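# Structural description and commentary
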Amino acid sequence: MQLFYNPNIDEATQSFSFDKEESKHIVKVLRKKDTDILFVTNGAGLLFKTEITLASDNKCTVQILEVEKATPSKFHLHLAVAPTKMNDRYEWFLEKATEIGIHEITPIICDRSERKVVNSERFEKILLTAMKQSNVLFLPKLNEAISFKEFIKRKNEGLQLIAHCEETDKKSLKSVLEPNENVTLLIGPEGDFSEKEIALALENNFIPVSLGNTRLRTETAAVVACHSVVFVNESALTQQGGITE
């Protein structure tokens, strides 16, 4: 299934037109024509089966035939990840995390961050492309970049975790995860969190965790954490009979 995106449609929508750029792609590149079927999501869990009524490369118009609603996750995964020095590594994380099933992402600027400015528009495009390519019906929420201290002040529901490389008492991520529990997890920059940041996180009830025995890059650590949380929830659902082969 090839998936298209329109954030402005809902269950009450009967027909709509794609913008000029998407219309050109549908008609000129994909060579779609009148009566062809397109599948569209609004990024909020709805899947629309549509039929082209006007195959114009300026304004491709479709009529909605059917609507399906995906079941939202029973957990919410929020990763706060420091921007990497090389942009392509952070973009790789965004792409893979979207494919795996992340819900929310916040770039955090830390004491040792080498990159302190991010291109939010570019990141949004990465998330959108990954959502469409992997047939995910929920577009992850991307927050504006904020400082570590600002983020720590915010209230987060559920389990609050910080993954760092300091040789201190830490629990394994696997040991603290429970199905159907909201998780907020902090991942630091290439130089790791500073001692002050770790102390501040602990003062604000964040639990220090380890992601394994090896030292991981920022983007690798984020993907490992994302997969671990999703895997725990999917495994629980399988055991309960919620997933069939």
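Residues numbered from 1 in each chain as written. Predicted model: local features only at pLDDT ≥ 70, side-chain atom pairs only at ≥ 80, totals over all residues. Heavy atoms only, no water.

An unreviewed UniProt entry annotates the protein as Ribosomal RNA small subunit methyltransferase E originating from Flavobacterium nackdongense. The annotation that UniProt attaches to the protein under Sequence similarities (unreviewed entry) is "Belongs to the RNA methyltransferase RsmE family." Quoted verbatim from the Catalytic activity (unreviewed entry) field of UniProt, the annotation for the protein is "uridine(1498) in 16S rRNA + S-adenosyl-L-methionine = N(3)-methyluridine(1498) in 16S rRNA + S-adenosyl-L-homocysteine + H(+)". (UniProt positions renumbered as here; feature names shortened; annotations may be inferred.)

### Digging into the packing of helix H2 (residues 87–100) against helix H3 (residues 120–133)
At a minimum axis distance of 8 Å, the contact between H2 and H3 shows a crossing angle of 35°. Classified by chirality, the crossing of H3 by H2 is right-handed. On H3, the residues touching Asn-87, Tyr-90, Glu-91, Leu-94, Glu-95 and Thr-98 of H2 are Arg-122, Phe-123, Ile-126, Leu-127, Ala-130 and Met-131. For the contact of H2 with H3, the class distribution of residues is seven nonpolar, two polar and three charged. (Axes fitted to C-alpha atoms, helices over the stretch in contact; angles between N-to-C directions. Helix = DSSP H or I, 4+ residues; strand = E, 2+ residues; numbered from the N terminus. Left-handed = near helix turned anticlockwise from the far one by under 90°. Contact = heavy atoms within 4.5 Å. Nonpolar A, V, L, I, M, F, W, Y, C, P; charged D, E, K, R; others polar.)

### Topic: unusual backbone geometry
One non-glycine residue, Asn-135, adopts positive backbone phi at about 60°. By the secondary structure assignment, Asn-135 is in the loop between H3 and strand E8 (141–142). At Asp-192, a position not held by glycine, the phi torsion is positive, near 70°. Turning to its location among the elements, Asp-192 is positioned in the loop between strand E12 (183–187) and helix H6 (195–203).

### Observations concerning the packing of aromatic side chains
Going through the model one piece at a time under the given rule, you end up with five aromatic pairs. Summarising the aromatic geometry, the rings of Tyr-90 and Phe-123 are spaced 5.2 Å apart at their centres and angled 20° between planes, so their arrangement reads as stacked. Of the two residues, Tyr-90 is situated in helix H2 and Phe-123 in helix H3; the sequence distance between them amounts to 33 residues. Accessibility expressed as a relative area gives 1% for Tyr-90, which makes it buried. An aromatic cluster of three or more residues is present, and its members are Phe-4, Phe-16 and Phe-18. (Phe/Tyr/Trp six-rings, centres within 6.5 Å; stacked < 30°, edge-to-face > 60°. Buried < 20%, exposed > 50% of the residue type's maximum accessible area, 1.4 Å probe, protein only.)

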